[in-house]
Amino acid sequence: MRSYSHLCIFFAVALMPAVSFAYGEGDDIPYNARAIHLLVNEARTDPAVALEACGCNCAEGLGCYEGPRQPLYWRQDLARAAQFHAKMTSEISCMQHPSPCELVSSIADDYPDKCDGSVACACVGGTASCHSTGTDTFDRIALFTGVEYSKRAENIAFTADPVKAQNMWLNEDGGNSGVCENVGSNGHRWSILSPDYNAIGVGTVNLAVQDFSSIAKESSPLSSGSHYLNGTLLWFKTHYYASVEASQVKLVLGDGDDRCRDLTLAVGSATNGVYGISGLSGLEACTPYYYEVVDADGTYTKFPTQGSLLYDCEKSWKAAHAPSCLNPDDPGSPEDPGGDNPGGGDNPGGGDNPGGGDNPGGGDNPGGGDNPGGGDNPGGGEPQDKNDPAASQADAGSKSGSDDCSVTLHRSTQSGWWLLLTGALSLGLIRRRRNSVRN
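Quick caveat, the model's predicted, so the values are computed rather than measured. (Residues numbered from 1 in each chain as written. Predicted model: local features only at pLDDT ≥ 70, side-chain atom pairs only at ≥ 80, totals over all residues. Heavy atoms only, no water.)

*Asks:* Explain the pairing of strand β14 (residues 308–311) to me, using residue names and the numbers behind them.
*Replies:* Looking down a regular strand, the side chains alternate between one sheet face and the other. Side chains of β14 alternate between two faces, with S308 and L310 and L309 and Y311 buried alike. Across three bridges, strand β12 (residues 287–295) lies against β14 in antiparallel orientation. Bridge pairing links T287 to Y311 in β14. Bridge count between β14 and strand β15 (residues 317–318): two bridges; the pairing is antiparallel. Bridge pairing links L309 to W317 in β15. Taking the residues that link successive antiparallel strands as the turn, the β14-β15 hairpin has five residues, and the phi of D312 there is positive, at about 55 degrees. (Buried < 20%, exposed > 50% of the residue type's maximum accessible area, 1.4 Å probe, protein only. Helix = DSSP H or I, 4+ residues; strand = E, 2+ residues; numbered from the N terminus. Pairing = 2+ DSSP bridges.)

*Asks:* Describe in detail the state of the cysteines, supporting the description with residues and values.
*Replies:* As used here, a disulfide is simply a covalent bond connecting the sulfur atoms of two cysteines. On inspection of all chains with the given rule, the structure shows seven disulfides. One disulfide in the model links C94 with C130; its S-S distance is 2.0 Å. Given an S-S torsion of about 85 degrees, the disulfide between C94 and C130 has right-handed geometry. Of this pair, C94 sits in the loop between α3 (76–91) and α4 (107–110) while C130 sits in the loop between α5 (119–122) and α6 (137–145); the two residues are 36 residues apart in sequence, bridging distant segments of the chain. Using a relative accessible area of 27% as the deciding quantity, one classes C130 as partly exposed. (Disulfide = S-S within 2.5 Å.)

*Asks:* Can you lay out helix α7 (residues 162–170) for me, pointing to particular residues and giving the numbers?
*Replies:* With seven of nine residues buried, α7 lies mostly within the body of the structure. For α7, the side-chain oxygen to backbone nitrogen distance between the N-cap and V163 is 3.2 Å, and the N-cap itself is D161. (Polar contact = N/O pair within 3.5 Å; in protein donor to acceptor, adjacent residues only side chain to side chain.)

*Asks:* Describe the packing of helix α1 (residues 31–45) against α7, listing the residues and the values that go with them.
*Replies:* Between α1 and α7, the shortest axis-to-axis distance is 9 Å and the interhelical angle comes to 40 degrees. Of the possible angle classes, the one that applies to α1 and α7 is oblique. Here α1 and α7 pass one another in a crossing that is right-handed. Residues N32, A35, I36, L39, V40 and A43 of α1 pack against P162, V163, Q166, W169 and L170 of α7. Of the residues assigned to the contact of α1 with α7, the class counts are nine nonpolar, two polar and no charged. (Axes fitted to C-alpha atoms, helices over the stretch in contact; angles between N-to-C directions. Parallel < 35°, antiparallel > 145°, perpendicular 65-115°, else oblique. Left-handed = near helix turned anticlockwise from the far one by under 90°. Contact = heavy atoms within 4.5 Å. Nonpolar A, V, L, I, M, F, W, Y, C, P; charged D, E, K, R; others polar.)

That is the geometry; function is a separate question.
Given below as structure tokens:
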């Protein structure tokens, strides 16, 4: 068994923080990124439920994803790498994994205070060209994380809407029947649900970018938490993962006498499950909230570790928090100098079109050409060994073009423009069978 690189296509990107905080903290982590993180861990809690809509699009078979996975824990350095790439590629309306220029060697130190990710300051020579290969994907990530020996992957989607991006990634039309591995065309789904990964960083601008690693640096029983809209239904959810069952899980919403809300198990189990509440209405912009849990042994955990998340706000976090509902020793912390409404606004996630307009990336062709993702293997087929220029690409296998499939997000019968809008880009290190291309 050997490791190989794999490239796949999806259009979405997410932005992440640039400052170091305790787990779950950070006022420059975009709301969309938090929601995407939560949705990924919800899918990993019960892949069978997450893939109910996939139908025959999941050609490899749902049996490849039996059993729950451990959650992916947030990594700030991965998030910075993802957010930087989202910023640069959205600026030039180009969807690809490699950087479209050679990056300056100091970019990880410069971003975002000295360089906001723009081509002018991030690229050697101050220029970039779509579909050109400058700094390689994993070399770019290593600039932010340091060199580490691990399995890694990247997904990109051409939407910043958390639910839309998640559905595109999970329900992509791909895979080979009975082959339980990443074959390229199912790369996004595989990266999200693979047991090989346990860390993630997400970045969002007009797009969403997920960077995965098999090396987590922090963990918490509450791995993630956010709110999101699924259609018109507002959800507040958090994911719990520990060896001891959760006893009480609360949402602390606002700072009034009615702030304590019981959460119920929505998906999974009491040791690996998503707890949530839906149907809340009438909330004011920038209402603060946080999650807390007491396990069967009496251990208390809060998410985020300090401060509060923010509903429907430009910022997604602030340092102050209301008195705890489960921890009598936590009377809360006073309001930060920024006041009750640090962000304002009615749109926590970017509205129906997070990128704005019909083409979030700008221009008539957001990817450029017939290959919007760029790279060696943009859309599927057998993953190609990037270290072997002579490596062959095998046919990914034909799929039925009939309409009996329950999901048709990536139907080839749609126009090229539609494919550009619903495409996705995925790059990862995967394991291949013995009869596959070798180093």
